[in-house]
Amino acid sequence: MSDNIQTVTVLSKTTWTPNLFSFTVSRPDSFKFTAGQFVRLGVNPSRLKYYTEQSGKSDADISDEALDEDIFRAYSIISSPFDEVLEFFSIVIPDGAFTSQLQHLQVGDELLLNTLPFGFLTLARYQKPLPKDLWLLATGTGLAPFLSMLQDLKTWEDYEHIVLAYSARSLEELAYVEKIESLQADFGSLVENPAKLIFIPIVTREPVEGALTERLPRLLLDGTLQARAGIDLDIETTHVMLCGNPDMVDDTKEALKSLGLVMNRRGEGNIAVENYW
Ligand SMILES: Cc1cc2nc3c(=O)[nH]c(=O)nc-3n(C[C@H](O)[C@H](O)[C@H](O)COP(=O)(O)OP(=O)(O)OC[C@H]3O[C@@H](n4cnc5c(N)ncnc54)[C@H](O)[C@@H]3O)c2cc1C
Ligand SMILES: NC(=O)c1ccc[n+]([C@@H]2O[C@H](COP(=O)([O-])OP(=O)(O)OC[C@H]3O[C@@H](n4cnc5c(N)ncnc54)[C@H](OP(=O)(O)O)[C@@H]3O)[C@@H](O)[C@H]2O)c1
């Protein structure tokens, strides 16, 4: 195994829906990261209790490839850089090589963690002076890096307004709403403007009170998102980060460009993105 790979232990698991769950793992002492970064997590069925003890499954039920190889996938870290544990938010793709195994995770199981953090969807990428507003736009599990940033007081101190718009298909898939509300209360009480974080839930496949229903690009193009936030998007005043579904990232990028915003390159410009597949 490479020097960068360490074994971590699963400490907790939260199931949101049959296709969405979160879990925490132990954090190696030496592992450092910046809010917004991702790591590579590795799984091998032979390390999961589900396969070895509980389900009656034997090695014969697991493909040779799965047993021979640790499978690694990129995962954004939800935790703040100051937390003692590492939290992750995962989709389950029933025939996905990684998540078809990961879904069986139990407390006490072991995963592999490549301790080299990756990724440039971090607030450090933006050159100073910073503009006043930060917009964080996510679909599905793409919420993860933004939760990490929002647990860092510096994010709250650096911007006048922070808008978090988070889109899921159904209400039950809109995970972490209570966590977002508690961040609003906790970090809001530490800064001058307690209403700094404006949370805009979007549920696209069922009507939900208080949530918008259209997709992000349309909400931006017709001004609904800006009206809900109570602030406008402007090349001089706005940083925007997009994370999640690559189609959402592409379509939203185009919508933002048509509103006059530009991609962030070498620190300058408004828009930064991360695609999950
Ligand atoms: C930078 C980065 C960060 C990522 N962070 C996360 C994360 O925090 N949480 C997470 O669940 N996944 C994350 N992913 C996706 C993750 O790496 C895997 O793709 C996912 O675990 C599925 O793996 P799989 O082998 O089961 O299926 P794969 O073969 O990897 O994917 C099969 C298909 O499933 C769909 N898919 C994959 N990931 C997702 C997803 N997250 N949400 C909705 N549909 C998806 C796509 O259509 C994809 O083509 C991230 C990917 C990247 C590149
Ligand atoms: N969610 C499930 O129940 C489920 C179950 C099994 C498997 N999966 C698989 O998981 C994958 C994704 O599931 P997911 O629901 O987490 O992610 P998703 O399809 O990316 O949906 C999350 C949110 O992103 C929105 N979105 C999708 N494309 C967009 C675009 N171009 N612009 C703006 N917004 C966009 C969706 O709106 P819309 O509703 O308008 O698309 C939804 O609100 C799919 O491949 C799916 O087959 C999902």
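Residues numbered from 1 in each chain as written. Chains lettered and ligands numbered in written order. Predicted model: local features only at pLDDT ≥ 70, side-chain atom pairs only at ≥ 80, totals over all residues. Heavy atoms only, no water.

A. A look at the site of ligand 1. For ligand 1, the set of nearby residues contains 18 residues, the closest of which are Ala74, Tyr75, Phe89, Thr99 and Thr141. One can see that ligand 1 is located within the largest pocket. Elements with a contribution of two residues or more to the shell around ligand 1: strand S4 (71–76), strand S5 (85–91) and strand S11 (271–275). The biggest single contributor to the shell around ligand 1 is S4, with four residues. Broken down by class, the residue content of the shell around ligand 1 amounts to 10 nonpolar, six polar and two charged. (Near = heavy atom within 4 Å. 1 Å grid on protein atoms, 1.4 Å probe; cavity = no way out; pocket = protein on both sides within 12 Å on 5 of 7 lines; lining within 4 Å. Sits in = over half its atoms within 2 Å of the grid points. Helix = DSSP H or I, 4+ residues; strand = E, 2+ residues; numbered from the N terminus. Nonpolar A, V, L, I, M, F, W, Y, C, P; charged D, E, K, R; others polar.)

B. Looking closely at the side chain of Lys196. On the secondary structure map, Lys196 appears in the loop between helix H6 (177–188) and strand S9 (197–203). Buried and without a salt bridge, Lys196 has Glu192 as its closest oppositely charged side chain, separated by 7.8 Å. Within polar-contact distance, the side chain of Lys196 engages the backbone oxygen of Trp156 at 2.5 Å. (Buried < 20%, exposed > 50% of the residue type's maximum accessible area, 1.4 Å probe, protein only. Lys, Arg positive; Asp, Glu negative; His and termini not counted. Salt bridge = Lys/Arg side-chain N within 4 Å of Asp/Glu carboxyl O. Polar contact = N/O pair within 3.5 Å; in protein donor to acceptor, adjacent residues only side chain to side chain.)

C. Spatial organisation of the domain arrangement of the protein. Domain assignment breaks the protein into domain 1 (5–118) and domain 2 (123–275). A separation of 27 Å is found between the C-alpha centroids of domain 1 and domain 2. Taken together, the contact pairs 21 residues of domain 1 with 15 residues of domain 2. Of the roughly 1,500 Å² buried at the junction of domain 1 and domain 2 (both faces included), carbon and sulfur atoms supply 63%. Area buried by domain 1 at its contact with domain 2 is led by Trp16, Ile78 and Phe89, which between them contribute 36% of it. Applying the counting rule to domain 1 against domain 2 returns zero salt bridges. (Domains from an automatic or database assignment. Contact = heavy atoms within 4.5 Å. Buried area = accessible area lost by both parts, 1.4 Å probe.)

D. Layout of unusual backbone geometry. Here the residue pair Lys128 and Pro129 is connected by a cis peptide bond, since its omega of 0 degrees sits within 30 degrees of zero. Tracing the chain through its elements places Pro129 in the loop between strand S6 (110–118) and strand S7 (133–139). With a phi angle near 70 degrees, Tyr176 is a residue other than glycine that sits in the positive phi range. For Tyr176, the location among the structural elements is in the loop between strand S8 (161–168) and H6.

E. Spotlight on the site of ligand 2. For ligand 2, the set of nearby residues contains 17 residues, the closest of which are Ser167, Thr204, Arg205, Arg215 and Asn245. Within the contact set of ligand 2, an oxygen atom lies 2.9 Å away from a side-chain nitrogen or oxygen of Glu173. Across the complex, the protein chains shield 76% of the 860 Å² of accessible surface that ligand 2 would expose by itself. At a threshold of 2 Å from the grid points, most atoms of ligand 2 map onto the largest pocket. (Areas by Shrake-Rupley, 256 points an atom, 1.4 Å probe, with all protein chains shown as cover.)

F. Geometry of the layout of surface pockets. If you add up the space inside the largest pocket, you get close to 1,200 Å³. Of all the secondary-structure elements, those providing two or more residues to the lining of the largest pocket are S4, S5, S8, helix H7 (216–221), helix H9 (246–258) and S11. Top element by residues in the lining of the largest pocket is S4. It accounts for four residues. Composition of the lining of the largest pocket by domain shows at least three residues from each of domain 1 (5–118) and domain 2 (123–275). (Points joined across faces, edges and corners; volume = space filled by probe spheres on them.)

G. The arrangement of the sheet that holds strand S1 (residues 5–17) in detail. If you trace the six strands from one edge of the open sheet to the other, you get S4-S3-S6-S1-S2-S5, paired in antiparallel fashion. Of all the strands in the sheet, just S4 and S5 have a single pairing partner and so form its edges. Taken pair by pair, the neighbouring strands of this sheet meet at an average axis angle of 40 degrees, ignoring direction. When strand S3 (residues 38–43) meets S4, the two strands line up antiparallel, connected through six bridges. Each bridged residue has a counterpart across the sheet, and for Leu41 the counterpart in S4 is Arg73. (Pairing = 2+ DSSP bridges. Axes fitted to C-alpha atoms, helices over the stretch in contact; angles between N-to-C directions.)

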